[in-house]
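# Commentary on secondary and tertiary structure
Residues per chain are reported as follows:
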Amino acid sequence: MFPTDLLRATSFRLAIALAALFGASTLLIFVFIYWQTAGSETRRIEALIEYDAKVEAGEPRELIERFVTNRVTSDFHHLTYAALFEADGRYVAGDLGQIPAGLPVDGQVHVTRIAPSGESGLAPETVRAVARRLPDGSVLVVGRTSEELERLREEVARALSLGLLPAILLSLATGVVLSTRANARVKAVNDTAERIMHGQLRERLPIRGTGDDFDRLSASVNRMLDEIERLLDELKSTGDEIAHDLRTPLTRVRARLENTRRFGGSIEEFEAAIDRSMAGLDQALAIITALLRIREIEAGRRRSGFSAVDLSAVVAAAEELYQPIAEDRDISLVTRVQPIGKLNGDHDLLFEMIGNLLDNALKYTPRGGTVTVTLEETREGPTLRVADNGPGIPLEERERVLLRFYRSARDQYVAGTGLGLSLVAAIAKLHDARITIGDAGPGCVISVLFKGIQRSSGWDRAVEPPIATVQSGATSSKA
Amino acid sequence: MEAILAESPAWGAVTANAKILLIEDDCETADEIIRALSAHGYALTHADSGQRGLRLARTPGFNLLIVDRMLPEMDGLTLIKTLREENIYVPVLILSGIAGVDERVRGLKAGGDDYLTKPFALSELAARIEALLRRPSDARETVLRVGPLELDLIDRVARRKDREIELLPREFKLLEYMMRRPSRVVTRDMLLERVWNYANAPHANLVDVHMGKLRRKIDAEGEISLLYNVRGIGFILRVLD
């Protein structure tokens, strides 16, 4: 498992690529150095022997012979060659038996191969040589071996092999170490992910605290896990809430049906039991529907329905819908609306919000009371207020009132799903509005401050026409 | 002065014998629907899958389809779209377990004529079927008449015999809706949807309050009631024989 893992690891592959690149560039540098050094050395040798030959050619014969002899005898390392031949090619002096074959007698440097004289068995070596015809017809040959260049090449190759191999090995080793470490961290993350997938949702990816790439990645994955855990918890608590709140009506229905089945005698009794059971089931269904709606709104999916909304028209429409109920209960429903311009929002949801607030206020206001709806521009933004002069909500209960399912003690004799204000809170949140519950002394005032809401301008949307403009047309004036 | 009637199967007599195709995969639900609608005099055929439903829906003779949205083999919306593409324009009522305004819009866009979310009251289903089968009176009419009631849509005047009735705009709209559907049960949800355009009113009994006000204006002291509550279902505007 280890070698394949290692080969697949990104950091190891990177190390191999780097080693290859490093080796290639080192090789290139060495070749370049050798090429430069050898070139200049060759040019120096060539200039030297060409110069020697040229200078000696001008000397008298005896001096040339001495030059040749001196040169040969003083050269212990057999680096140079020098020889003098008669015009017919006969040997006069020097360490060459004959003019090297293929060496033109033109005073130019040529590369040729010469077998060293005297010591037999030595291989012919590569020599740079000049053959020059002297004024008296004899031929002077001066040469020098390329042995030093050979040595240079060997040394360069040795240096290369000594330096390059360890460097490549070192970079490979670094790659192995790095990728082994990376592998260990990947394995740790994998193991944790595996545990999370098997249900241990509270597990988090390990963070070393060094702030490196892995840490940053793990941190953001951990934040994602936090959010997922929060959503799951919410889902679970929604489930718990549904289960809890449905058990009550369903238990009642079940008990009633069971008792009617066992004791119920007359058709009328059966019918009454069935009617009450159906009402109980309807209430249970209404709770499910309301909860799902709240969840849908909280998920923010309804933003797609946003457009320019005239809030004063929405207030007017809600007033029109609820006025008869207020009249029925001897409550005066008063609206005070200031023009506040259009807001970006969901018309239907805003209507539902105001409707729920009115419904709530009307429910808790005693006969003869007043419910006041105010819409005005405040320093902080457009504000909607619904005030009643009912019993009010105690200070310590105000926050909880907006929470799902909570119903204060005063709620005992008012029917409903208990979700109205939760829905209001969800809709307000969707619109970046802030809800506060205050004292109307006596009574309760719920304010919705559209703080973060965008003002709309230009484009419009068909909203319910303001009631006032239609009213004159519809009410007969021909009496 | 409460005018309450119990539901009577006889009200469905006008469209009785209408042939309805019910495409619903849950057989228990289907059985109850068939039982309830047969009592109204409708003849029902049942299909328990999308494919079988589509095959039956292509045969002529059905006056209305009831289509469940979630069906095996072929979902309800695809079925309706397929029918509409084949130029079959029989009215369709969609039954769906998926609530939500957007879902409703999707259903109607696919070619449905009405959308009812499960669970529903069987009486609600019956009322909506009746509404689909009997299209409202000619929309070009400018004066509606039901018994002694008269509604002038141009002058915006309502009269009962010679007595003029003063109506608020919403009451006028409500009365117009009822007068276009005389002797037919209209449910609260239908009124909220069609007269108020609200799919989610906090209280369905809002409609009762508005209807109560309208009734007090229409049925003056000593006059025979025209507007009735139908217990547990909704309202009906009718002239008792």
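What counts and what doesn't
- Residues numbered from 1 in each chain as written.
- Chains lettered and ligands numbered in written order.
- Predicted model: local features only at pLDDT ≥ 70, side-chain atom pairs only at ≥ 80, totals over all residues.
- Helix = DSSP H or I, 4+ residues; strand = E, 2+ residues; numbered from the N terminus.
- Buried ≥ 20, exposed ≤ 12 C-beta atoms within 10 Å, placed from the backbone.
- Contact = placed C-beta atoms within 7 Å.
- Pairing = 2+ DSSP bridges.
- Axes fitted to C-alpha atoms, helices over the stretch in contact; angles between N-to-C directions.
- Left-handed = near helix turned anticlockwise from the far one by under 90°.
- Nonpolar A, V, L, I, M, F, W, Y, C, P; charged D, E, K, R; others polar.
- Expected span 1.5 Å × (residues − 1).
- Arc of directions from axis to C-beta.
- pLDDT = per-residue confidence, 0-100.
- Parallel < 35°, antiparallel > 145°, perpendicular 65-115°, else oblique.

Assigned secondary structure in chain B consists of eight helices and 13 strands. In chain B, which comprises 241 residues, the share counted as buried stands at 37%. In chain B, the proportion of contacts linking residues at least 24 apart, taken out of those at least 6 apart, comes to 60%.

The secondary structure content of chain A amounts to 11 helices and 12 strands. By sequence separation, contacts in chain A at least 24 residues apart represent 64% of the contacts at least 6 residues apart.

Residue and element names in this part refer to chain A. Read across the sheet, five strands follow the order β7-β9-β10-β12-β11 without closing on themselves; strand pairing throughout is mixed. A single partner strand is all that each edge strand has here, and the edge strands are β7 (332-337) and β11 (433-439). Along the sheet, successive strands turn relative to each other by an average axial angle of 10 degrees, direction set aside. In terms of strand pairing, β7 meets strand β9 (residues 370-377) through six bridges, oriented parallel. Paired with Val-334 across the strands is Thr-372, a residue of β9. Helix α7 (residues 311-328) rests against β7, β9 and β10 (382-388) of the sheet, and its axis sits at about 170 degrees to β7.

Looking now at the sheet that holds strand β12 (residues 227-230) of chain B. All names here are of chain B. Pairing is mixed across the open sheet formed by four strands, whose spatial order is β1-β12-β13-β11. Of all strands in the sheet, those with a lone pairing partner are β1 (4-5) and β11 (186-187), marking the two edges. As paired strands, β1 and β12 are joined by two bridges and run parallel to one another. From the neighbouring strand, Ile-4 faces β12, where its bridge partner is Asn-229.

Here the focus is the environment of Arg-156 of chain B. Along the polypeptide, Arg-156 of chain B turns up in the loop between β8 (149-152) and β9 (157-160). Separated by 10 residues in the primary sequence, Arg-156 of chain B and Glu-166 of chain B place their C-alpha atoms 9.8 Å from one another.

Residues and elements named next belong to chain A. Across the interface, α7 lies against helix α8 (residues 347-364) with an axial gap of 9 Å and an inter-helix angle of 35 degrees. Here the hand of the crossing between α7 and α8 comes out right-handed. Contacts between α7 and α8 involve Leu-311, Val-314, Val-315, Ala-317, Ala-318, Leu-321, Tyr-322, Ile-325 and Ala-326 on the former and, on the latter, His-347, Leu-350, Phe-351, Ile-354, Gly-355, Leu-358 and Leu-362. Class assignment of the residues belonging to the contact of α7 with α8 gives a composition of 14 nonpolar, two polar and no charged.

Residue and element names in this part refer to chain B. Over its 14 residues, helix α8 (residues 205-218) runs 20 Å from end to end, which matches the ideal 20 Å to within 8%, given 1.5 Å per residue. Within the span of α8, buried status applies to Leu-206, Val-207, His-210, Met-211, Leu-214 and Ile-218. End-on view of α8: buried residues confined to an arc of 125 degrees, all on one side of the axis.

Note that the residue after Lys-118 of chain B, namely Pro-119 of chain B, is joined by a cis bond; omega there is -5 degrees. Position of Pro-119 of chain B among the secondary structure elements: in the loop between β6 (114-117) and α5 (122-133). Of note in the backbone geometry, Asp-432 of chain A takes a positive phi value of approximately 55 degrees without being a glycine. One can find Asp-432 of chain A in the loop between α10 (420-430) and β11. Positive phi outside glycine occurs at Glu-73 of chain B, with the angle close to 75 degrees. Residue Glu-73 of chain B is classed as partly exposed on the basis of its C-beta count, with 14 C-beta atoms lying within 10 Å.

Moving on, we get to the confidence of the model for chain A. With 86% of its residues at a pLDDT of 70 or more, chain A has an overall mean of 79. pLDDT under 50 marks residues 458-479 of chain A. Its contacts with residues more than four places away, or in other chains, come to 35 contacts.

The next subject is the environment of Leu-172 of chain A. All names here are of chain A. Residue placement: Leu-172 occurs in helix α4 (residues 147-197). As for Leu-172 and Ala-19, which are separated by 153 residues in sequence, their C-alpha atoms are 6.5 Å apart. Each residue touching Leu-172, except ones within four places of it in the same chain, is listed here: Ala-15, Ile-16 and Ala-19.

What follows covers the pairing of β11 of chain A. Residue and element names in this part refer to chain A. In the sheet, β11 pairs with strand β12 (residues 444-450) via seven bridges, with the strands oriented antiparallel. Opposite Thr-436, over in β12, you have Ser-447 as the bridge partner. Connecting β11 to the antiparallel partner β12 that follows it, the hairpin turn spans four residues, and Gly-441 within it adopts a positive phi of roughly 45 degrees.

What follows covers the packing of helix α6 (residues 267-298) of chain A against α10 of chain A. All names here are of chain A. Contact geometry for α6 and α10: axes closest at 9 Å, N-to-C directions at 15 degrees. Of the possible angle classes, the one that applies to α6 and α10 is roughly parallel. Of the two possible hands of crossing, α6 and α10 adopt the one that is left-handed. Along its contact with α6, which presents Ala-290, Arg-293, Ile-294, Ile-297 and Glu-298, the element α10 presents Ser-422, Leu-423, Ala-426, Ile-427, Lys-429 and Leu-430. Of the residues assigned to the contact of α6 with α10, the class counts are seven nonpolar, one polar and three charged.

Glancing now at the confidence of the model for chain B. Residues at a pLDDT of 70 or more form 90% of chain B, whose mean pLDDT is 86. Overall fold confidence (pTM) sits at 0.61, and the ipTM for the predicted complex is 0.78.

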